[in-house]
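Notes for the structure review
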Amino acid sequence: MTVYLDHAATTPLFPEAIAAYAQAMTVVGNPSSIHSAGQEAKRLLEEARERIASTLGCDPIEVVLTGGGTEAVNLAVKGLYWARQSDRPRPRVLVPLGEHHATIDTVEWLERTEGAVVEWLPVDEHGRISLEALDAALAEDPASVALVSLLWANNEVGTIQPVADAAALAARYGVPLHTDAVAAYGHVPLDFGAVRSSSGSVGNAGLVALSVSAHKIGGPVGIGALVLSRSASVTPLIHGGGQQRQVRSGTQDVAAAVAFAVAAELSEAHREPEAERLTALREHLVAGVAERVPSARLNGDPTPGGRIAANAHFSFPGCEGDSLLFLLDVAGVAVSTGSACQAGIPEPSHVLTGMGRSEEDSRGALRVTLGHTTTEADVEAFLAALPAAFEQASRAGFADRTTSFAS
Ligand SMILES: Cc1ncc(COP(=O)(O)O)c(C=O)c1O
């Protein structure tokens, strides 16, 4: 049986979420229908929305259910960008280096097709945003900035961003801020309302939008949410029946929402003890890697409160992260490089290069992420398989980045 240590990619569904999903799928009724079957579906949906909202510190009406994290990020970034052009051109989009591709590809699309000007903000050696650089970029000409978008926690290296401080800066300059909290959800407290008030966010300025996804917290794939402040203005991506405040049209998936709500409640209820349990397992794993491969370098914020407890990210010098991944997979251990492989060609991690690391360090990246099903035996299995995989991957060295198709 595979030892699964890639919980940041997706984590197993909670059995309770599966049971609730199956049960809710037997309910017939479109929640927009007037008849009692429709109203029963609507009751289930709105109850689920309330339960999801309670794990995010927002009002139920602020939860816009989407088809996942990628859609939520697209809705926030494109929607805020378009809405901000209504009274004057505001081409600038401020984004730190090392974001998830849901954001990178969206802002690059806005640049190519909508006249946006993307400004990439520097991060430090742990991947943390420079608040000074954000302040300076906002101060330059605040009215020309459409939005700021940043990760709450980095999905590759686990570093937690100072979201409340960034929101306070955005609020001071009257600019809306979106945070991609997909990798943070279930690991750190996400209190939308508390961050809004502590950062002085009001109206469409400061923290106005936050993205999450169910399959990262033990819920199903294919549903997520954008928490969207009542006072935020976004132009919808999808037009149709006007569901969900006209922001996201389309018949809502009641069963998926119910399963999402169950997973959200469970992961929130277990969050603190799980963080403690996973910190201990991670420390054991990190110490074990240091013992077996002393040249391995630990990435991301090394301090306990500065990172997600479930994430351990390494650079293995002199070998390709993808080779390690394949060799570990053959040994029955599923991990990740964290970064996408472009058309089968291993690429250096853009997160590590953004943190100022060498191409060699960035190519030898390996991400090990723990979750609710992880046991000490899983960590031991990884540690047992690592030395042979490292030795073999080191012998293979770096792959030639040209393909046989290259001219
Ligand atoms: C930080 C981050 N944002 C967005 C996404 C996309 O979420 P989804 O898979 O629900 O589309 C992911 C998933 O890997 C992620 O880690």
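Residues numbered from 1 in each chain as written. Predicted model: local features only at pLDDT ≥ 70, side-chain atom pairs only at ≥ 80, totals over all residues. Heavy atoms only, no water.

With that settled, consider the site of the ligand. All residues in the neighbourhood of the ligand are listed as Gly68, Gly69, Thr70, His100, Leu151, Asn155, Asp180, Val182, Ser213, His215 and Lys216. One of the side-chain N or O atoms of Ser213 is found 2.6 Å from an oxygen atom in the ligand. One nitrogen or oxygen atom from the side chain of His215 is found 2.9 Å from an oxygen atom belonging to the ligand. Protein coverage of the free-state accessible area of the ligand, which is 400 Å², stands at 84%. Taken together, the residues that form the shell around the ligand break down as two nonpolar, seven polar and two charged. (Near = heavy atom within 4 Å. Polar contact = N/O pair within 3.5 Å; in protein donor to acceptor, adjacent residues only side chain to side chain. Areas by Shrake-Rupley, 256 points an atom, 1.4 Å probe, with all protein chains shown as cover. Nonpolar A, V, L, I, M, F, W, Y, C, P; charged D, E, K, R; others polar.)

Once that is clear, we can look at the domain arrangement of the protein chain. Looking at the assigned domains, one finds that the protein chain contains domain 1 (15–267) and domain 2 (270–396). Centre-to-centre, using C-alpha coordinates, domain 1 lies 28 Å away from domain 2. Listed as interface residues are 27 residues of domain 1 and, on the opposing side, 23 residues of domain 2. At the boundary of domain 1 with domain 2, total buried surface from both sides reaches about 2000 Å², with 55% on carbon and sulfur atoms. When the area that domain 1 buries against domain 2 is broken down by residue, the three leading residues are Glu156, Val157 and His187, summing to 33%. Linking domain 1 to domain 2 there are one salt bridge. The shortest N-O distance in the salt bridge between Asp301 and Arg128 comes to 2.5 Å. For the side of domain 1 that touches domain 2, the elements supplying multiple residues, two or more each, are α4 (101–114) and α8 (254–292). Broken down by class, the residue content of the side of domain 1 that touches domain 2 amounts to eleven nonpolar, eleven polar and five charged. (Domains from an automatic or database assignment. Contact = heavy atoms within 4.5 Å. Buried area = accessible area lost by both parts, 1.4 Å probe. Salt bridge = Lys/Arg side-chain N within 4 Å of Asp/Glu carboxyl O. Helix = DSSP H or I, 4+ residues; strand = E, 2+ residues; numbered from the N terminus.)

This part is about the pairing of strand β2 (residues 63–66). Going residue by residue along β2, you find Val63 and Leu65 tucked away on one face and Val64 and Thr66 tucked away on the opposite face as well. Of the strand pairs in this sheet, β2 and strand β8 (residues 224–228) are connected by four bridges, and their pairing is antiparallel. Directly across from Val64, in β8, lies its bridge partner Leu226. (Buried < 20%, exposed > 50% of the residue type's maximum accessible area, 1.4 Å probe, protein only. Pairing = 2+ DSSP bridges.)

This part takes up the nonpolar core. Core analysis: the biggest nonpolar cluster contains 89 residues, and Trp152, Phe260, Phe316 and Phe382 have the highest contact counts within it. Counting residues per element, this core draws most heavily on α8, which supplies 16 residues. Summarising the domain contributions, this core has at least three residues from each of domain 1 (15–267) and domain 2 (270–396). Apart from the residues lying within four places of it in its own chain, the contact partners of Phe316 are Val289, Val293, Ala296, Leu324, Gly364, Leu366, Leu386 and Phe390. Within the second largest apolar cluster, 24 residues are counted, among which are Leu75, Val93, Ala102 and Val107. (Core = buried A, V, L, I, M, F, W, Y, C linked by side-chain atoms within 4.5 Å.)

With respect to topology, seven strands assemble into an open sheet ordered β2-β8-β7-β6-β5-β3-β4, the strand pairing being mixed. Of all strands in the sheet, those bounded by a partner on one side alone are β2 and β4 (117–121). Across the sheet, the mean angle separating the axes of adjacent strands is 20° when strand polarity is ignored. Sheet topology note: the strand β3 (residues 92–96)/strand β5 (residues 145–151) ladder contains three bridges and is parallel. Residue pairing in the sheet places Leu94 in a bridge with Val148 of β5. Seen against the sheet, helix α5 (residues 131–140) touches β3, β4 and β5 and runs at an angle of roughly 180° to β3. (Axes fitted to C-alpha atoms, helices over the stretch in contact; angles between N-to-C directions.)

The relative placement of two aromatic rings is captured by the distance of their centres and the angle of their planes. Within this structure, the stated rule accounts for three aromatic pairs. When the ring of Phe314 is compared with that of Phe316, the centres are 5.8 Å apart and the planes differ by 45°; the resulting orientation is tilted. We note that Phe314, like Phe316, is buried. Site record: aromatic cluster; members linked through ring pairs are Phe314, Phe316 and Phe390. Over the ring of Trp109 we find Lys78, and its NZ or CZ is 4.8 Å from the ring centre. (Phe/Tyr/Trp six-rings, centres within 6.5 Å; stacked < 30°, edge-to-face > 60°. Lys NZ or Arg CZ within 6 Å of the ring centre and 35° of its normal.)

A separate point is the packing of helix α2 (residues 36–54) against α8. Packed helix pairs are characterised by how far apart their axes lie and by the angle those axes make with each other. Where α2 contacts α8, the axes come no closer than 8 Å and their chain directions differ by 30°. Here α2 is positioned roughly parallel relative to α8, judged by the angle of their axes. As α2 packs across α8, the resulting crossing turns out to be left-handed. In contact with Ala41, Leu44, Leu45, Ala48, Arg51 and Ile52 of α2, α8 contributes Val254, Ala257, Val258, Phe260, Ala261, Val262 and Glu265. Considering only residue class, the contact of α2 with α8 consists of eleven nonpolar, no polar and two charged. (Parallel < 35°, antiparallel > 145°, perpendicular 65-115°, else oblique. Left-handed = near helix turned anticlockwise from the far one by under 90°.)

You will see that Arg245, though not glycine, has its phi angle at about 60°, which is positive. Relative to the helices and strands, Arg245 resides in the loop between β8 and α8. The phi angle at Gln246 is positive, at roughly 65°, despite the residue not being glycine.

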